[in-house]
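Residues per chain, in single letters:
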Amino acid sequence: MMRDQDGYARISSHKSNAVTPKRQRGVDRVEKILTAAAEIFAESGYEATTMSAIAVRSSTAVGSLYRFFPDKKALAIEVLERFAVAQRERLDALCTRDDTRDPAGLADALLADAFQPDRLRQAASMLIDIRDDASSYRAAFQAEFCAHLAPLLCRVASLDRETARYRAVMVLHLMKLAHPFSQRTDGQRVSEELRRALRRVIAP
């Protein structure tokens, strides 16, 4: 596991044996394959998902699919990496939004993102366990989330760096409750309670 200059764990690259396309046509094809794979993994789980189903969903010949991804695990690892990149981009985007310049606005934005239906997030949450280094990868992913969030907490809530690090961990665990609670019949009430809890954690 790699760490940055502040001691945060960083997700290290995992070789999936996937082939990186060099032409735009291949890039577009891989994008369709990864989108289809995330959808089917989220719907059916890793074990029940087949390469044939992914080929059909992405309108890709089976031979072409295997040319880019030699097996299902390689494809699943790429879906995980795609989610990690998307998560970084979402957190970075929060730093430039006008509605996240105060604690209440940041809490609302984080919760809105957590409640947003996201097949890629759903797929990633179940695919981590297929990795040989699942435990360390999960820890590194969570630490990287906190590393991106902590500076934002410093800015919007005027926190020192150490306090922001601990608050980021608390925010992470509160946000993990969002999706399962959103499935409840009283999901709206739960959403409001989570919103209040996030606001208190960010700026008590």
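Note that the structure is a prediction, hence the values are computed from the model and not measured.

Draft legend 1. Fine view of the pattern of salt bridges. Considering all chains together, one arrives at 18 salt bridges under this definition. Note that Arg119 and Glu43 form a salt bridge whose closest N and O atoms lie 2.8 Å from each other. Here Arg119 is found in helix α6 (residues 119-127), whereas its partner Glu43 is found in helix α1 (residues 24-44), with 76 residues between them in sequence. Since its relative accessible area comes to 38%, Arg119 is described here as partly exposed. By relative accessible area, Glu43 is classed as partly exposed at 41%.

Draft legend 2. Seen up close, the packing of aromatic side chains. A complete count under the given rule lists two aromatic pairs for this structure. Their ring planes at 25° and their centres at 5.9 Å tell us that Phe41 and Tyr46 sit as a pair that is stacked. Residue class for Phe41 comes out buried when judged on its relative accessible area of 0%. Centroid distance Phe83 to Phe141: 5.4 Å. Interplanar angle 25°. Geometry classified as stacked. Of this pair, Phe83 sits in helix α4 (residues 72-94) while Phe141 sits in helix α7 (residues 134-157), and the two are 58 residues apart along the sequence.

Draft legend 3. Summary view of the environment of Pro117. Residue placement: Pro117 occurs in the loop between α5 (103-115) and α6. Relative accessible area serves as the criterion here: at 67%, Pro117 is assigned to the exposed category. Separated by 62 residues in sequence, Pro117 and His179 place their C-alpha atoms 8.5 Å apart.

Draft legend 4. View of the side chain of Gln87. Counting through the fold element by element, Gln87 comes out in helix α4. Among the residues examined, Gln87 registers a relative accessible area of 9% and is labelled buried. Setting aside anything within four residues of it in sequence, one finds Gln87 in contact with Phe141 and Phe145.

Draft legend 5. Spotlight on unusual backbone geometry. The backbone of Ser59 sits at a positive phi, close to 55°, despite the residue not being glycine. Examined against the element boundaries, Ser59 turns out to sit in the loop between α2 (51-57) and α3 (62-68). Here Ser59 falls in the exposed class, since its relative accessible area comes to 60%. Even without being glycine, Ser158 reaches a positive phi, approximately 55°. Structurally, Ser158 can be placed in the loop between α7 and α8 (161-175).

Draft legend 6. The arrangement of α7 in detail. Its 24 residues give α7 an end-to-end C-alpha distance of 33 Å, which sits within 8% of 34 Å, the value for a rise of 1.5 Å per residue. The largest bend in α7 is about 25°, located at Leu149, with the proline Pro151 one to four residues further on. Of the residues flanking the end of α7, it is Ser158, one or two places downstream, whose phi is positive at about 55°.

Draft legend 7. The arrangement of the packing of α7 against α8 in detail. Remark: α7 packs on α8, axes separated minimally by 8 Å, with the N-to-C direction vectors making an angle of 120°. Judged by the angle between their axes, α7 and α8 are oblique. In terms of crossing hand, the pair formed by α7 and α8 is right-handed. The segment α7 lies against α8, with Gln142, Phe145, Cys146, Leu149, Ala150, Leu153 and Cys154 engaging Arg161, Ala164, Arg165, Arg167, Ala168, Val169, Val171, Leu172 and Met175. Considering only residue class, the contact of α7 with α8 consists of 12 nonpolar, one polar and three charged.

Draft legend 8. Examining the packing of α5 against α7 more closely. The geometry of α5 relative to α7 is characterised by a closest axis approach of 9 Å and an angle of 150° between their N-to-C directions. Contacts between α5 and α7 involve Pro103, Leu106 and Leu110 from the first element and Leu149, Leu152, Leu153, Val156 and Ala157 from the second. Across the contact of α5 with α7, the residue classes tally to eight nonpolar, no polar and no charged.

What counts, and where the lines are drawn
- Residues numbered from 1 in each chain as written.
- Predicted model: local features only at pLDDT ≥ 70, side-chain atom pairs only at ≥ 80, totals over all residues.
- Heavy atoms only, no water.
- Salt bridge = Lys/Arg side-chain N within 4 Å of Asp/Glu carboxyl O.
- Helix = DSSP H or I, 4+ residues; strand = E, 2+ residues; numbered from the N terminus.
- Buried < 20%, exposed > 50% of the residue type's maximum accessible area, 1.4 Å probe, protein only.
- Phe/Tyr/Trp six-rings, centres within 6.5 Å; stacked < 30°, edge-to-face > 60°.
- Contact = heavy atoms within 4.5 Å.
- Expected span 1.5 Å × (residues − 1).
- Bend = angle between axes of the 7 residues up to and from the residue.
- Axes fitted to C-alpha atoms, helices over the stretch in contact; angles between N-to-C directions.
- Parallel < 35°, antiparallel > 145°, perpendicular 65-115°, else oblique.
- Left-handed = near helix turned anticlockwise from the far one by under 90°.
- Nonpolar A, V, L, I, M, F, W, Y, C, P; charged D, E, K, R; others polar.

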